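So the chains spell out like this:
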Amino acid sequence: MNNKPKENLMKLGHELPKVSTPGGNYVSVNIRENIAYVAIQFPIFNEDYLYQGRLGNEITTEQGYRAMELCALNVLAQIDKNVGFDKIIGLNHLEGYFQSGDNWDDSPKIVNGASDLFVNVLEEKGTHSRSIFGVDKLPRNFSVGLTASFTVLME
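In this report, we go over the structure that sits alongside the text. Only a predicted model underlies this, so the values are computations on that prediction, with no experimental measurement involved.

### Structural notes on the environment of I79
Assignment of secondary structure puts I79 in helix α2 (residues 61-82). Residue classification places I79 among the buried positions, given a relative accessible area of 0%. Sequence-distant contacts of I79, defined by excluding residues within four places in its chain, comprise A36, V38, G84, F85, I88 and F150.

### Notes on helix α1 (residues 4-11)
Buried within α1 are the following residues: P5, N8 and L9. All buried residues of α1 lie within an arc of 105 degrees about the axis, which places them on one face of the element. The outward face of α1, more than 90 degrees from its buried face, is lined by the exposed residues M10 and K11. Here the buried face of α1 lies against α2 and α3 (107-122). The positive-phi residue at the C-terminal boundary of α1 is G13, with phi of around 80 degrees.

### With respect to the nonpolar core
The biggest cluster of nonpolar side chains holds 34 residues, and the ones touching the most others in it are M68, I79, I110, F118, V144, L146 and F150. Counting residues per element, the ones that place at least two in this core are β2 (35-41), α2, β5 (88-98), α3 and β7 (144-152). Broken down by element, the residue count for this core peaks at nine residues, all from α2. Excluding anything up to four places from it in sequence, L146 contacts A39, I40, Q41, M68, C71, A72, V75, L94, E95, G96, A114 and F118. Core analysis: the second largest hydrophobic core is formed by five residues, F42, I44, Y97 and F142 among them.

Rules used throughout
- Residues numbered from 1 in each chain as written.
- Predicted model: local features only at pLDDT ≥ 70, side-chain atom pairs only at ≥ 80, totals over all residues.
- Heavy atoms only, no water.
- Helix = DSSP H or I, 4+ residues; strand = E, 2+ residues; numbered from the N terminus.
- Buried < 20%, exposed > 50% of the residue type's maximum accessible area, 1.4 Å probe, protein only.
- Contact = heavy atoms within 4.5 Å.
- Arc of directions from axis to C-beta.
- Core = buried A, V, L, I, M, F, W, Y, C linked by side-chain atoms within 4.5 Å.

In structure tokens, the structure reads:
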């Protein structure tokens, strides 16, 4: 079993949050062939809703970075529980979502919170492409959300 991701998390001072359950009729991780799709994850830590509000209004860019980092930790928690780190071939693509005030325009900086975490934890397996979407409203007034897809080893 590959414990390197968990070792890297510990070195960075992070722990995986408790996995959240879907808020609707869907699964948290859906595997088709050898691709694992992780449903949108929000800045929730062990059932505590964090970073609620609009970037540039109630939430600073630095807080947005931390919020997206927390979303990435939730993605990793889902992968750890539903797939296993030892089955990850690589992270494919991220989709970052954010809600912001009218004059805020630093979305690449906040999504780096997720990108940096994935590369630091998964190393070469954490390189990825990404898309960033500004939306009018996210559930529970979360400032950010994150989805991801991974190529996984199937037995």
